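Structural features, examined
Listed here are the chains, written in short residue letters.
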4 protein chains.
Amino acid sequence: MAKPKLRIGLIGTGFMGKAHVFGFTTAPRVFDLDHELELRTVADVTDDAAAGAARRMGFARSTADWRSLIADPDIDLVSITAPNALHKGMSLAAIAAGKHVYCEKPLAPQAADAREMADAAEARGVKTQVGFNYVCNPMLALARDMIASGELGEIRGFRGLHAEDYMADAGSPATFRHDPAGGGALADLGSHVLATAEYLCGPIRRVLGDCATLIAERPDGRGGRVPIATDDVGRAFLRFENGATGSIEGNWIAMGRKMQHDFEVYGSAGALAFSQERFNELHFYSGGDRRGRQGFRRIEAGPDHAPYGLFCVAPGHQLGFNDLKAIEVAGFVQAIAGRHPEPFGFRAGLRIQSLVEAIQQSSSRECWVDV
Amino acid sequence: MAKPKLRIGLIGTGFMGKAHVFGFTTAPRVFDLDHELELRTVADVTDDAAAGAARRMGFARSTADWRSLIADPDIDLVSITAPNALHKGMSLAAIAAGKHVYCEKPLAPQAADAREMADAAEARGVKTQVGFNYVCNPMLALARDMIASGELGEIRGFRGLHAEDYMADAGSPATFRHDPAGGGALADLGSHVLATAEYLCGPIRRVLGDCATLIAERPDGRGGRVPIATDDVGRAFLRFENGATGSIEGNWIAMGRKMQHDFEVYGSAGALAFSQERFNELHFYSGGDRRGRQGFRRIEAGPDHAPYGLFCVAPGHQLGFNDLKAIEVAGFVQAIAGRHPEPFGFRAGLRIQSLVEAIQQSSSRECWVDV
Amino acid sequence: MAKPKLRIGLIGTGFMGKAHVFGFTTAPRVFDLDHELELRTVADVTDDAAAGAARRMGFARSTADWRSLIADPDIDLVSITAPNALHKGMSLAAIAAGKHVYCEKPLAPQAADAREMADAAEARGVKTQVGFNYVCNPMLALARDMIASGELGEIRGFRGLHAEDYMADAGSPATFRHDPAGGGALADLGSHVLATAEYLCGPIRRVLGDCATLIAERPDGRGGRVPIATDDVGRAFLRFENGATGSIEGNWIAMGRKMQHDFEVYGSAGALAFSQERFNELHFYSGGDRRGRQGFRRIEAGPDHAPYGLFCVAPGHQLGFNDLKAIEVAGFVQAIAGRHPEPFGFRAGLRIQSLVEAIQQSSSRECWVDV
Amino acid sequence: MAKPKLRIGLIGTGFMGKAHVFGFTTAPRVFDLDHELELRTVADVTDDAAAGAARRMGFARSTADWRSLIADPDIDLVSITAPNALHKGMSLAAIAAGKHVYCEKPLAPQAADAREMADAAEARGVKTQVGFNYVCNPMLALARDMIASGELGEIRGFRGLHAEDYMADAGSPATFRHDPAGGGALADLGSHVLATAEYLCGPIRRVLGDCATLIAERPDGRGGRVPIATDDVGRAFLRFENGATGSIEGNWIAMGRKMQHDFEVYGSAGALAFSQERFNELHFYSGGDRRGRQGFRRIEAGPDHAPYGLFCVAPGHQLGFNDLKAIEVAGFVQAIAGRHPEPFGFRAGLRIQSLVEAIQQSSSRECWVDV
């Protein structure tokens, strides 16, 4: 019996657009999904660009009008990888048209917008997904399972960061990422580590923020210079509902760092250490190991860590970044099929947005803020 | 203008069969190939198995008769991922039918067979590829470029190994991999590091081998036990044409190792160190760095290391094992299109087989053997 | 011509007492000091303990009365490794007697006490040293030199921590380290990373603290339980005078960590990463390396990094913890000889104490505090 | 009651001379030795040099005549750190004079000489020690204990090397280390890893050698050039008495390596990995760890690993190279006191020399050689 089709419309064909398509084409081969996925329509800014993308990416149709893509009754799922400022309008239109929506992070510049989006999706009954791909890593699922099952004992501390250096050059021009509404390193990168923090340790209840701008002005790209108000580094101290304390940092001027999405979790009986720089490994310290034999052990990803085994039957072969995107797609598609709740829906995206704003407010007000 | 189609027939649907399909579906999205790839027919041992595989993997047709697949005029390229003993017969049949052939390693149990295969392919004018995927890593291309361009100076030493532990359990039964004809750790795993050695440092001229069986008998899978004659560890000392010396080891009882395909290369002006356990990194020591600041530097894979940038525009995001397979497919397909020589054709596969046999002979005769 | 003698009196014979003696006996062999060092008298709590220590450690005399040791005109330098609460009284007595004083950290429970001690020493004209040994590492001197010479460009960020797990067991009893006056993880361990932060990046001007108690009560060692008010984790955000921002953490419940005195420093042109877990290495990222060859390079300690070469003429052989103490002693003794200012005198110890208190106050008041 | 004195005469004041003195002065403070050690006399090539060394190092007397040092009835133990060619004559003289002898490696250029030395010492009844300091590391003792106690199961494989780059510069002149009698990388550095191999895995029974000269001539230091016959790289395959197989490499042209004394040991139940570059760590893979939680665990040196605790009561603080020398001295001195057999006497030094020669012969004859 043929599987029902899930017909996909993609808006945007850049870095994340390609990653989505990678996910859509890989997920059905790796996972036993309830739906067949069909790449129906791709939208880009011009007809030519869209047509070229359709050809390269394997979409049946193309358009320069994203509204017509959303309106198309032959589209079931809309993937949004357009610039951040457009996320809200596109998402609300897609939701109104009854489509499932897969939107890249951040959901919207402001938590209020994100709330409107989450509310709309739930009211309309469509499924949603926000692209927080790092939490799709089997090693993070392993970490969460170990924490949940008590292997670390009572959780006491979390230390996380997401640092890159792609804004470290003071001569690189200001972009939409420096927009005071929704911009900054905390929103851009710190959001990832906030997602990881709650994924692993549960809800954060209070934050104390410190957002700092180190590069005070940048070229405006038109020969002039523009003052920068958004943070280059955003940090926070954390209180979790479970009593643990912690800290996070988002940093886009960390010279030399390309993907330092790292964390350590300390419990009363064990600890975990992880670096996205070597994301097929999880380091585990067990307080239960015998004396003189204790130490952080380097667990390499393998078939024991679902869904790794669906990609490769042998351990140590490693997943890549695009594979994480395939896992993300699979999770979303099976949520659409009703197999499980949305792994990271708009409500979860709103949550991250709220945490970011709470930290920004805390930083401005110079005091702890409840979330 | 539509691209010409390259219609694919796949024989075998296991670990490597899946990896090939991954390659065939990913490569056209990542690379700008001259051909469109079409998954036409898949063959498995029964009609049902083949039909199921076709559905899961996206092939249009299926068959339990690999000969009919090869005979099908609508097939241009035959992928062979069946058990090793069948590689030769299937390859020769496909070559005779004028198909391009993509065969998993080892090409054949014996070098003589491999030679017959390489000769046949060249005589018939079809293109071939053997699946030595580790050399498809952009970091190995980087290493080779650095060596070729003289960044390391005169090459003096190579130390390589490929160690895993999947045969470390003495209670795991004998398989076809223990077949005296073509079996053993050297042929299975050492072959990979021999490929890497010549990929980086050029032709090996002499070998001194040491093949050892540590687990002298194994369960036969039918309640009895069977003596084992093939090597669990195969080692060799090497002399390269360029004057360098070196050593390799293939080992399938290296407890705890899942993918220790590691090497170090020493030159007069610099050195490289690599581990497949962290295969998105290459460690480079430059003798030219100023005093007091010298050290192995950890280069992370990024868009500067082609073709990484086709998978991801940002550095540090990392490729996975299946991505290496996509690079392998792309290289083969573009060779079929005449864009460049075969990256690792049957002639190259024969070369590895010859090296393996020379080492085995050297080990038996206990003396150096010219290659 | 014989060197003048510097006659040493040691109070306390535990962990740090042994380390001081190691320093006193090793320093003169490794360094060309202006003084000959003589182990004159050791004081412990009983006559027997002191006599045994004298015999084992090589002191000529022993006493159970530390006041007589200080009063002895044949003593030039008093080493204080007694419990923290006694540091002030002993130091002031020694200063009053005109002795040079080498006191283990923390100088005193409160900054006010530390100030009194620093003032007294300066008024009396004696030299002082506080035992912040980690900054004696040649790799930290290298880091500081690289920062000072501009190799990293403008310094933008510092991230440091000192985490151990020796208080992670909730069943381990309260000690003097849990005393509300002067106790806690921030004072005990965070003080080290504050010393490193200012050693590398210069003065800190503002702090935002977060001190948390995770283990709310502990055994009192007499069968009962006692509530704990001191922090198990003390964190702070930092503003440096040079414009850089940063963060530190002191943590004594970081399960699995034994000596995680780690830092990263980010500049506009390069970065450094260091871990005390591998303290004979400094990792350096140079933005000036050519494209495609950039990465953190692992500089191993060697004769290029003074004073390593005095310990060993070959690189890569490594210093140990006790060697750091010998470097500390040598620096102090040469300061006494007038060769250079005190490397880490009581004024510097007071500075650390002030930073700790500022962070503690900030944490209580929940706002930024100027230092 | 006073301890009996062991009066020491040292010949040679270079790198190793200093290291011996470090050992003699540190060992009695760290260990509870049966003897008091007294630095009596030091010999160097001139009176002035010897007098200066005595002053710096703390010897009571000095001499330019090593024969008089040996003849001195007030000397009990003679430490020999003079050039290799002198080891035999000095040792035999000291043995004849009834002194205990502590001689740096290699014992002698040829095994026959080493045998004469070992025989003489045993005939005379004096105790001897050869300076193979790396095996004094508590982490190697841990490794040996784990192997001996069966934690790794049946031992199947050893892979070891000792690589440095101090001869990598083709422009550095020939030295006594290039002397065909006793010279070469295998004898100089490979000897260390042979010592480690047998320390851990027991006797080696057969070897297959490969010694290669890569830098065929060097400056002679007098303006001319001299051909080089000794090996820059010496390798061997090994068969151990316990059935394990293995390989070693000694290499002094391994660009970038300063102290790559590394090994891996594979057993049927576990594995160990070690690098001298981080010699306060031992990496242990236990096949008994539960599924999904397996991995090499990084054991940090601490008080659980005797004699670390005598140097420092807290784990993770780390020993340095000179501390290994102190452990070596302590072991020798207690052997003199009759507490245990000589840890690495002349008989053991002869053993290493025999292994080196067997490998050299095997390399020349191009066949396996029994040891």
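I will try to describe carefully the structure that is included in this document. Predicted model, so just to flag it, every value in this text is computed and none were measured.

With respect to the overall build of chain A
Looking only at helices and strands, chain A has ten helices and 17 strands in total. What you see for chain A is a C-alpha radius of gyration of 21 Å, in line with the 21 Å of a compact globule of 371 residues. In terms of its C-alpha atoms, chain A occupies a principal-axis envelope of roughly 65 × 60 × 40 Å. By residue count, 65% of the 371 residues in chain A fall in the buried class. In chain A, of all internal contacts separated by at least 6 residues, the share reaching a separation of at least 24 is 68%. Side chains of chain A carry 40 positive and 45 negative charges; the gap between the two charge centres is 3 Å.

Notes on the interface of chain D and chain B
In many reports, interface size means the accessible area that the parts give up when they come together. Each partner contributes residues to the interface: chain D has 46 residues there, and chain B has 46 residues. With both chains or domains summed, chain D and chain B bury close to 3400 Å², and 51% of this area falls on carbon and sulfur atoms. Broken down residue by residue, the surface that chain D buries against chain B is led by Arg156, Phe237 and Met255 of chain D, which jointly contribute 22%. Put simply, chain D and chain B have eight salt bridges between them. Measuring nitrogen to oxygen at the nearest pair gives 2.3 Å for the salt bridge that ties Asp210 of chain D to Arg239 of chain B. For the pair chain D and chain B, the interface holds 18 residue pairs in polar contact (both at pLDDT 80 or more).

Comments concerning the pairing of strand S13 (residues 260–267) of chain C
Residue and element names in this part refer to chain C. Counting buried positions along S13 gives eight out of eight residues, so the element sits mostly inside the fold. Residues Gln260, Asp262, Glu264 and Tyr266 point to one face of S13 and His261, Phe263, Val265 and Gly267 to the other, with burial holding for every one of them. In terms of strand pairing, strand S7 (residues 155–163) meets S13 through eight bridges, oriented antiparallel. Note that in S13 the partner of Ile155 across the bridge is Gly267. Bridging between S13 and strand S14 (residues 270–275) involves five bridges; their strand directions are antiparallel. Opposite Asp262, over in S14, you have Ser275 as the bridge partner. Joining the antiparallel neighbours S13 and S14 is a turn of two residues.

So, the sheet that holds strand S4 (residues 77–80) of chain D
All names here are of chain D. The six strands lie next to each other as S3-S2-S1-S4-S5-S6, forming an open sheet whose pairing is parallel. Bordering the open sheet on either side are strand S3 (61–63) and strand S6 (128–130), each of which pairs with just one other strand. Across the sheet, the mean angle separating the axes of adjacent strands is 20 degrees when strand polarity is ignored. Judged from the seven bridges that link them, strand S1 (residues 5–11) and strand S2 (residues 36–43) form a sheet pairing that is parallel. Pairing of Lys5 across the sheet is with Glu36, part of S2.

Re helix H6 (residues 138–148) of chain D
Each full turn of the α-helix corresponds to 3.6 residues, which orients residues three or four apart in the same direction. Residues of H6 of chain D that are buried include every one of Pro138, Met139, Leu140, Leu142, Ala143, Met146 and Ile147 of chain D, and no others. The distance from a side-chain oxygen at the start of H6 of chain D to the backbone nitrogen of Met139 of chain D is 2.9 Å, and the residue carrying that oxygen is Asn137 of chain D.

A closer look at the relation of the copies chain D and chain B
Least-squares fitting of chain D to chain B yields an RMSD of 0.1 Å, with the transformation described by 0.0 Å of translation along the axis and a rotation of 180 degrees. Classification of the inter-copy transformation places it as that of a two-fold axis. By C-alpha distance to the rotation axis, the residue of chain D lying nearest is Cys367 of chain D, at 2.9 Å. Of all interface residues in chain D, 100% are interface residues in chain B too; the two copies therefore contact each other through one and the same surface.

With respect to the pattern of salt bridges
Under the criterion given, the structure shown has 157 salt bridges over all chains. Here Arg347 of chain B makes a salt bridge to Glu122 of chain B, at a shortest N to O gap of 2.8 Å. Remark: Glu122 of chain B occurs in helix H5 (residues 111–124) and Arg347 of chain B occurs in helix H10 (residues 346–365); sequence separation between them is 225 residues. Here Arg347 of chain B falls in the partly exposed class, since its relative accessible area comes to 35%. By sharing partners, the salt bridges in this structure join Arg159, Arg239 and Glu264 of chain A, Asp210, Arg235, Glu249, Arg257, Glu277 and Arg278 of chain C together with Glu281 and Arg298 of chain D into a single network.

Regarding the relation of the copies chain C and chain A
Its rotation angle being 180 degrees, the transformation that places chain C on chain A also includes 0.0 Å of axial translation and leaves an RMSD of 0.0 Å. Taken together, the interface assignments show that 100% of the residues at the interface of chain C recur at the interface of chain A, consistent with an identical surface on both copies.

Let's talk about the packing of aromatic side chains
Enumeration over the complete set of coordinates arrives at 48 aromatic pairs over all chains. Look at Phe132 of chain A and Phe344 of chain A: their rings are 4.8 Å apart centre to centre, the planes differ by 35 degrees, and that puts the pair in the tilted class. One end of the pair, Phe132 of chain A, is in the loop between strand S6 (128–130) and helix H6 (138–148); the other, Phe344 of chain A, is in the loop between helix H9 (321–336) and helix H10 (346–365), with 212 residues separating them in the sequence. We note that Phe132 of chain A, like Phe344 of chain A, is buried. Here Phe158 of chain B and Phe240 of chain B contribute two aromatic rings whose centre-to-centre distance is 6.1 Å and whose plane-to-plane angle is 70 degrees, an arrangement assigned as edge-to-face. Residue Phe158 of chain B is located in strand S7 (residues 155–163), and its partner Phe240 of chain B is located in strand S11 (residues 233–240); the two are separated by 82 residues in the primary sequence. You can call Phe240 of chain B buried: its relative accessible area is 5%.

Some points on the interface of chain C and chain A
With 46 residues of chain C in contact, the opposing surface of chain A contributes 46 residues. Between chain C and chain A, the buried area comes to about 3400 Å², and carbon and sulfur atoms account for 51% of it. Broken down residue by residue, the surface that chain C buries against chain A is led by Arg156, Phe237 and Met255 of chain C, which jointly contribute 22%. Linking Glu366 of chain C and Arg206 of chain A is a salt bridge whose minimum nitrogen-to-oxygen distance equals 3.8 Å. Linking chain C to chain A there are 18 residue pairs in polar contact (both at pLDDT 80 or more). The set of elements that each furnish at least two residues to the side of chain C that touches chain A consists of S7, strand S8 (204–212), strand S11 (233–240), strand S12 (245–251), S13 and S14 of chain C.

Calculation notes
- Residues numbered from 1 in each chain as written.
- Chains lettered and ligands numbered in written order.
- Predicted model: local features only at pLDDT ≥ 70, side-chain atom pairs only at ≥ 80, totals over all residues.
- Heavy atoms only, no water.
- Helix = DSSP H or I, 4+ residues; strand = E, 2+ residues; numbered from the N terminus.
- Rg over C-alpha atoms; globule rule 2.2 N^0.38 Å.
- Buried < 20%, exposed > 50% of the residue type's maximum accessible area, 1.4 Å probe, protein only.
- Contact = heavy atoms within 4.5 Å.
- Lys, Arg positive; Asp, Glu negative; His and termini not counted.
- Charge placed at Lys NZ, Arg CZ, Asp CG, Glu CD.
- Buried area = accessible area lost by both parts, 1.4 Å probe.
- Salt bridge = Lys/Arg side-chain N within 4 Å of Asp/Glu carboxyl O.
- Polar contact = N/O pair within 3.5 Å; in protein donor to acceptor, adjacent residues only side chain to side chain.
- Pairing = 2+ DSSP bridges.
- Axes fitted to C-alpha atoms, helices over the stretch in contact; angles between N-to-C directions.
- Least-squares fit on C-alpha atoms with pLDDT ≥ 70 in both.
- Phe/Tyr/Trp six-rings, centres within 6.5 Å; stacked < 30°, edge-to-face > 60°.

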